[in-house]
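Next come the chains, spelled out residue by residue.
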Amino acid sequence: MTADAVALEARKAAQAETEPTPAADRLLSGKPSATVTSLHEWRLAHLPPDTRPLPSVTPYDQLLRRRRTSGGDHREGEAQ
């Protein structure tokens, strides 16, 4: 759908909410109308629980804390 079509449908839906019609929830057959669920909402509702552990930056912190074994001529505050 284009953005214009979506805006038009949104306006129609908003107008329908403010102007109720008699038996608006019934079809011609007398049965209640079905609710519409977006595919995205349905997929999110049917996802299995996420059992993975939270991410950690500990391995990267260990890389940053590399210790120097020799004094060398490296001055403090300079990049290696």
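Trainee: Any chance you could explain the overall build of the protein here in plain terms?
Mentor: Along the backbone of the protein there are 3 helices and 0 strands. Starting at the N terminus and ending at the C terminus, the protein contains elements arranged as α-α-α. With 80 residues in all, the protein has 0% of them scored as buried. For the protein, the exposed surface amounts to about 8500 Å²; the carbon and sulfur share of it is 57%.

Trainee: Please explain the confidence of the model for the protein as it appears in this structure.
Mentor: A low pLDDT score tells you not to read the predicted coordinates there in detail. Looking at the protein as a whole, the pLDDT averages 76, with 68% of positions reaching at least 70. Per-element averaging of pLDDT across the protein places helix H1 (residues 3-18) at the bottom with 84 and helix H2 (residues 39-45) at the top with 88.

Trainee: Help me understand the pattern of salt bridges in this model?
Mentor: Between side chains of opposite charge, a pair can form as their charged atoms come close. Inspection of the entire model under this criterion finds 2 salt bridges. Put simply, Lys12 and Glu9 hold a salt bridge, and the shortest N to O gap is 3.6 Å. Taken together, the residues Lys12 and Glu9, both in helix H1 and 3 residues apart, mark about one turn of the helix. A relative accessible area of 45% places Lys12 in the partly exposed class. A salt bridge links Arg52 to Asp50, with the shortest nitrogen-to-oxygen separation between them at 2.9 Å. Exposure class is identical for Arg52 and Asp50. Each is exposed.

Trainee: Is there a simple way to explain a nonpolar patch on the surface in this structure?
Mentor: On the surface, a nonpolar cluster with roughly 370 Å² of combined accessible area is contributed by Val57, Tyr60 and Leu63. Positionally, Tyr60 belongs in helix H3 (residues 58-64). Among the residues examined, Tyr60 registers a relative accessible area of 56% and is labelled exposed.

Reading the values: rules and limits
- Residues numbered from 1 in each chain as written.
- Predicted model: local features only at pLDDT ≥ 70, side-chain atom pairs only at ≥ 80, totals over all residues.
- Heavy atoms only, no water.
- Helix = DSSP H or I, 4+ residues; strand = E, 2+ residues; numbered from the N terminus.
- Buried < 20%, exposed > 50% of the residue type's maximum accessible area, 1.4 Å probe, protein only.
- Areas by Shrake-Rupley, 256 points an atom, 1.4 Å probe, with all protein chains shown as cover.
- pLDDT = per-residue confidence, 0-100.
- Salt bridge = Lys/Arg side-chain N within 4 Å of Asp/Glu carboxyl O.
- Patch = residues over 30% accessible without salt bridge, like charges linked within 9 Å, V, L, I, M, F, W, Y side chains within 5 Å.

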